Amino acid sequence: MSERQDPVTGIEAPIYLKYNFTAGAAPARFLSQIRKGVLTGQRCPRCEQVYIPPRGSCAACGVATEEEVVLSDKATVESFTIVSIPIPGNPIQPPYIVANLVADGANISFIHLMSECVNEEVHIGQRVQAVWKPEEEWDYAMDNIRYFKPIDEPDVPVESIGTLPVSGWEG
Amino acid sequence: MMANLAAVVGIGQTKYTTKRHDVSIAGLVREAAVNALEDAQLSWDDIDAVIIGKAPDMFEGVVMPEIYLADALGCNGKPMLRVHTAGSVGGSTALVAASHVQSGSFRRVLTVAYEKQSESNAMWALSTPQPFSTHLNAGAGGYFAPIIREYMRRSGAPYDAGIKVAVKDRLHGARNPLAHLQKPDITMKEVEESFMLWDPIRFLEACPSSDGACAMVIADEGLAEQAPRPPAWIRGVAMRSEPTMYAGRDEVNPQAGRDCAGDVYRQAGISDPRRDLDCAEVYVPFSWYEPMWLENLGFAPEGEGWKLTMDGATSLDEGGDIPWNPSGGVLCSNPIGASGMIRFAEAARQVRGDAGDHQVEGARLALGHAYGGGAQFFAMWVVGADKG
């Protein structure tokens with residue numbers, strides 16, 4: 001007579017996915033420039049908006065983008081969230097600020113971390129600048145920038161966010 | 001556009017809950033399908049095709065689940081099609097099923113959508129690293145929180161508009177025995193004091209993680225007229241998409257959502273949605289999306305959606321003129337892949353007069369809505385008690 005067993009209601013079966021990413025021309029150019037500590041975008045020949053990271057086309061106009069534009073590592077806070085839970089696979093400790101930032105010279109935001117700031121004082125229109133890792137640690141990654149920190153410049157009015165020239169903001 | 005008339009003749013749902021220990025994914029979808037067939041008083045042999053939808057495969061780690069679910073859904077010898085449009089998939093799956101019938105190619109189609117979140121890790125699946133970006137994706141809430149912050153800024157809405165939605169939808173859900181969260185005693189204070197997850201989104205302003213499935217049987221005009229229970233006539237169907245990111249994109253009030261609403265209203269002969277519709281089931285996974293979608297869907301002028309919320313216009317309990325999410329909505333039950341179809345099915349229940357304690361009295365015309373991805377995929381239908 002067989003022993004009575006607990007029913008098996010489930011097992012853990014993790015799946016790990018490892019991909020080889022084929023960057024394509026535009027992201028490859030972007031990644032090789034950020035390897036040298038330079039943020040670059042591409043300008044749409046039709047609407048003249050500058051994309052970072054560039055994907056080789058303008059999703060609004062449906063045309064190829066080729067003109068490379070060197071951007072500033074100063075940026076403006078378009079919006080943000082203060083996150084109180086950890087990110088799976090990322091050692092960062094909450095609370096931390098994930099901000100949608102528009103680099104001077106670009107017309108679209110990317111997300112990055114904000115630090116060296118008082119969380120409660122972060123606001124839309126705030127001026128920030130990249131804090132880079134030491135040069136010897138640079139790789140083909142946006143993580144070459146550790147985070148962005150506030151700088152002593154006047155706020156950008158909401159209607160001007162995403163329209164600043166690469167020369168920056170005079171206030 | 002020429003389309004044949006089609007109608008919902010059967011609806012089946014499971015009780016939404018944190019974890020369905022007792023069934024597999026196959027058992028879950030079959031339960032909803034059997035409930036829909038029973039509601040329609042039909043059997044498997046009466047079904048000509050099966051359309052199934054769910055959110056990304058990575059959620060449960062079951063890749064191409066339609067292959068495994070074909071026999072549970074009686075697909076032997078029948079066409080089967082799987083649909084995927086991220087969070088809006090439940091809505092777009094219903095629309096693919098509807099188009100099978102509206103085209104005249106099929107007379108009766110079964111459609112099912114599901115998610116078994118207890119077997120998945122949706123937060124992980126939505127937080128995969130990308131090679132040209134920093135790894136800061138903190139789930140759906142982390143993505144939508146900055147968009148909500150921008151809405152709050154530009155509308156000047158009072159800080160507690162989202163809190164009001166969170167309370168209102170939970171009170172609605174307390175009328176719906178299928179709703180996952182049952183919080184009949186919830187208060188504004190309780191929501192306000194709940195943990196701030198992704199500022200400005202609090203714990204109680206976010207949807208739960210649910211197991212569940214929803215199914216419908218859609219039939220052509222002739223068969224729907226013979227149906228034993230009142231049909232919900234499909235009066236308009238629309239889908240729209242836009243890229244996740246492009247310069248100048250309005251993420252708060254996406255163009256694709258406005259266009260989709262305009263299209264479905266035109267088909268249904270709706271000129272003023274607040275006046276012409278009796279209720280709406282709208283995809284609101286975070287509380288602030290009620291005022292945002294009130295504007296996107298044309299129920300209120302831009303910047304004023306929150307006024308309808310604060311005035312109680314969207315509340316059953318306050319006798320509002322345009323109840324939103326009388327079932328409790330996504331804020332009460334969120335089996336992700338099914339959530340859009342539940343909105344479509346609950347809209348149909350309202351015009352069939354079959355919504356129990358959350359019935360909007362005399363409802364004749366209702367909107368079902370779903371959105372997904374980075375608020376870039378939209379699916380909507382309008383269903384009516386009459387053919388129109």
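Residues numbered from 1 in each chain as written. Chains lettered and ligands numbered in written order. Predicted model: local features only at pLDDT ≥ 70, side-chain atom pairs only at ≥ 80, totals over all residues.

### Here we look at the overall build of chain B
Here's step 1: The helix and strand tally for chain B stands at 13 helices and 11 strands.
Here's step 2: Against the 2.2 N^0.38 benchmark of 21 Å for 388 residues, chain B shows a C-alpha radius of gyration of 19 Å, consistent with a compact globule.
Here's step 3: For chain B, the spread of C-alpha atoms along the three principal axes comes to 55 × 45 × 45 Å.
Here's step 4: Looking at chain B as a whole, 62% of its 388 residues qualify as buried.
Here's step 5: When contacts within chain B are restricted to residue pairs at least 6 apart in sequence, long-range pairs at least 24 apart make up 78% of them. (Helix = DSSP H or I, 4+ residues; strand = E, 2+ residues; numbered from the N terminus. Rg over C-alpha atoms; globule rule 2.2 N^0.38 Å. Buried ≥ 20, exposed ≤ 12 C-beta atoms within 10 Å, placed from the backbone. Contact = placed C-beta atoms within 7 Å.)

### As for the sheet that holds strand β2 (residues 50-51) of chain A
Residues and elements named next belong to chain A.
Here's step 1: Reading across the sheet, the three strands line up as β2-β1-β5 and stay open at both edges, with antiparallel pairing between neighbours. On the outer flanks of this sheet lie β2 and β5 (67-70), each paired with one strand and no other.
Here's step 2: With four bridges joining them, strand β1 (residues 40-43) and β5 adopt antiparallel strand pairing. In the strand pairing of β5, T40 is matched with V70. (Pairing = 2+ DSSP bridges.)

### Considering helix α9 (residues 255-268) of chain B
Residues and elements named next belong to chain B.
Here's step 1: Taking 1.5 Å of rise per residue, the 14 residues of α9 would be expected to cover 20 Å, and the 20 Å separating its terminal C-alpha atoms lies within 8% of that figure.
Here's step 2: Of the residues making up α9, those classed as buried are G257, C260, A261, V264, Y265 and A268. Taken around the axis of α9, the buried residues stretch over an arc of 125°, which confines them to a single face.
Here's step 3: Residues of α9 that are buried make contact with β8 (232-241), α10 (273-276), α11 (289-296), β10 (365-372) and β11 (377-384).
Here's step 4: Just downstream of α9, G269 is the residue with a positive phi angle, here 70°. (Expected span 1.5 Å × (residues − 1). Arc of directions from axis to C-beta.)

### Some details on the nonpolar core
Here's step 1: Grouped together as the largest cluster of nonpolar side chains are 174 residues, with contacts concentrated most on V112 and V383 of chain B.
Here's step 2: At nine residues, the largest contribution of residues to this core is made by helix α13 (residues 336-352) of chain B. (Core = buried A, V, L, I, M, F, W, Y, C linked by C-beta atoms within 7 Å.)

### Structural notes on the packing of helix α3 (residues 89-102) of chain B against α13 of chain B
Residues and elements named next belong to chain B.
Here's step 1: Between α3 and α13, whose axes approach to 5 Å, the crossing angle comes to 60°. One finds that α3 runs oblique with respect to α13. Contacts between α3 and α13 involve V89, G90, G91, T93 and A94 on the former and, on the latter, G337, A338, S339, G340, M341, I342, R343 and F344.
Here's step 2: Per-class residue counts for the contact of α3 with α13 are six nonpolar, six polar and one charged. (Axes fitted to C-alpha atoms, helices over the stretch in contact; angles between N-to-C directions. Parallel < 35°, antiparallel > 145°, perpendicular 65-115°, else oblique. Nonpolar A, V, L, I, M, F, W, Y, C, P; charged D, E, K, R; others polar.)

### Observations concerning unusual backbone geometry
Here's step 1: The omega torsion across P94 of chain A and P95 of chain A is -5°, close enough to zero to call that bond cis.
Here's step 2: Here P95 of chain A is to be found in the loop between β6 (74-83) and β7 (96-103).
Here's step 3: Here the bond from D199 of chain B into P200 of chain B is cis, since omega is 10°, no more than 30 degrees from zero.
Here's step 4: Structurally, P200 of chain B can be placed in the loop between β5 (196-199) and β6 (201-202).
Here's step 5: Not every positive phi belongs to a glycine, and E48 of chain A is a case in point at roughly 65°.
Here's step 6: Take E48 of chain A: it is sitting in the loop between β1 and β2.
Here's step 7: Under the C-beta neighbour-count criterion, E48 of chain A is labelled exposed, with 12 such atoms within 10 Å.

### A look at the confidence of the model for chain B
Here's step 1: With 99% of its residues at a pLDDT of 70 or more, chain B has an overall mean of 96.
Here's step 2: For this predicted complex, the interface score ipTM comes out at 0.93, alongside a pTM of 0.96. (pLDDT = per-residue confidence, 0-100.)

### Notes on the interface of chain A and chain B
Here's step 1: The partner chain B presents 31 residues to the 35 residues of chain A that form the contact.
Here's step 2: Counting only elements with at least two residues in the side of chain A that touches chain B, the list comes to α1 (25-34), β6, β7 and β8 (110-114) of chain A.
Here's step 3: Among the elements that make up the side of chain A that touches chain B, the one with the highest residue count is β6 of chain A (five residues).
Here's step 4: By residue class, the composition of the side of chain A that touches chain B is 24 nonpolar, 10 polar and one charged.
Here's step 5: Where β6 of chain A meets β5 of chain B, two bridges bridge the pair, whose relative direction is antiparallel. Bridge pairing in β5 of chain B links I82 of chain A to D199 of chain B.

### Let's talk about the pairing of β10 of chain B
Residue and element names in this part refer to chain B.
Here's step 1: Burial runs high along β10: eight of the eight residues are buried.
Here's step 2: Judged by which residues are buried, β10 turns out to be covered on both faces: L365, L367, H369 and Y371 on one side and A366, G368, A370 and G372 on the other are all buried.
Here's step 3: Looking at chain direction, β10 and β11 are connected through eight bridges and run antiparallel. Across the sheet, residue G372 finds its bridge partner in β11, namely F377.

### Here we look at the environment of E153 of chain A
All names here are of chain A.
Here's step 1: By the secondary structure assignment, E153 is in the segment after β10 (145-150).
Here's step 2: Separated by 26 residues in sequence, E153 and R127 have C-alpha atoms that sit 6.1 Å apart.
Here's step 3: For E153, the residues in contact, after removing those within four places along its chain, are R127, W169 and G171.

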